[in-house]
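Here are the chains, one letter per residue:
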Amino acid sequence: MIRKCLFPAAGYGTRFLPATKAMPKEMLPIVDKPLIQYGVEEAIEAGLTDIGFISGRGKRAIEDHFDISYELEHQISGTSKEALLDQIRDVIQKCTFSYTRQIEMRGLGHAILTGETLIGREPFAVLLADDLCVNDEGNGVLSQMVELYEKYRCSIVAIEEVPREEVYKYGVIDGKPIEPGVFEISKMVEKPRPGEEPTNLAIIGRYILTPDIFDILRKTEPGLGGEIQITDAIAEQARKGLVIGYNFKGKRFDCGSVAGFVEATNAMYEKFKERNGDC
Ligand code: UTP
């Protein structure tokens, strides 16, 4: 059974400077809720309530967000605004939160390896909060992946089809379908050069990883951009055994980019209006 979800959140978020100079990218709000809270709620829905953050310098606001603010509680206690804190109170009450710092930002693979101390030797999920995923038709993406893990008991990466001209921005898989939406991965390439992409099946920020990934990451040399790439480590897992690419049900917004962030804001504002009316 998977209990733990790791949130790498140590990156600099340079695409949002100067907004992210003193504020974590993960705390940028989509309407009324920070990105990271959407992610934690998705993890809770999947039954993962043991939350681990890979934090870094300047990320203290994340810790404060998932803690009680006594002053604020006192201030709005008994007023009509009290209900506005219900959702975050519920999240805090359902989860445990652990933190470790990535001292040097040496890539996503390195961030995940830094999280070993929070995970130990058990399978775990990884959620990149800047990929905001919603599924209006059913379970969230992580929940779908946990279900798939019960069946296959191997590492799983979430994938989606992206336009060919955008493939260069992503890690990409190659493989053969073993059931609808499920691929046995034979190859993975991080940010392929245009024309060299094996498919247009791009990896997005949801993973389930078996703990042998840590041993592989320890031996993984820096790859593209001098960073330790999680794609290279999972590709090594795929060479040794079964690794799955899962074309999830739902929609992803790339909130790590300004265009995706604005698109997500507009979509979430429509839902917000349904709940709260125009305001
Ligand atoms: P990104 O490359 O999308 O995030 O990494 P970034 O570096 O913060 O953003 P830009 O490109 O400068 O705008 C994907 C995820 O991996 C985490 C980031 O926090 C983000 O959630 N990450 C990346 C780390 O935790 N540590 C790293 O060394 C690199």
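Residues numbered from 1 in each chain as written. Predicted model: local features only at pLDDT ≥ 70, side-chain atom pairs only at ≥ 80, totals over all residues. Heavy atoms only, no water.

(A) Quick peek at the environment of V146. Among the structural elements, V146 can be located in helix α7 (residues 141-152). V146 sits in the buried class, given a relative accessible area of 11%. Counting along the chain gives 29 residues from V146 to T117, while the straight-line C-alpha distance between them is 22 Å. Apart from residues no more than four positions distant in its own chain, V146 is found in contact with A46, L48 and I208. (Helix = DSSP H or I, 4+ residues; strand = E, 2+ residues; numbered from the N terminus. Buried < 20%, exposed > 50% of the residue type's maximum accessible area, 1.4 Å probe, protein only. Contact = heavy atoms within 4.5 Å.)

(B) Fine view of the pairing of strand β8 (residues 155-161). The buried count for β8 comes to six of seven residues, which makes it a mostly enclosed element. Of the pairings in the sheet, the one linking β8 to strand β12 (residues 243-247) comprises five bridges and is parallel in character. If you follow A158 over to β12, its bridge partner there is Y246. (Pairing = 2+ DSSP bridges.)

(C) A look at the pattern of salt bridges. Considering all chains together, one arrives at 27 salt bridges under this definition. Ionic pairing is found between E73 and R89, a salt bridge with its closest N-O pair at 2.7 Å. Of this pair, E73 sits in helix α3 (residues 70-76) while R89 sits in helix α4 (residues 86-94), placing them 16 residues apart in sequence. By relative accessible area, which is 21% here, E73 ends up partly exposed. With a shortest N-O distance of 3.9 Å, R121 and E116 are connected by a salt bridge. Overlapping salt bridges bring together E73, E82, D86 and R89 as one network. (Salt bridge = Lys/Arg side-chain N within 4 Å of Asp/Glu carboxyl O.)

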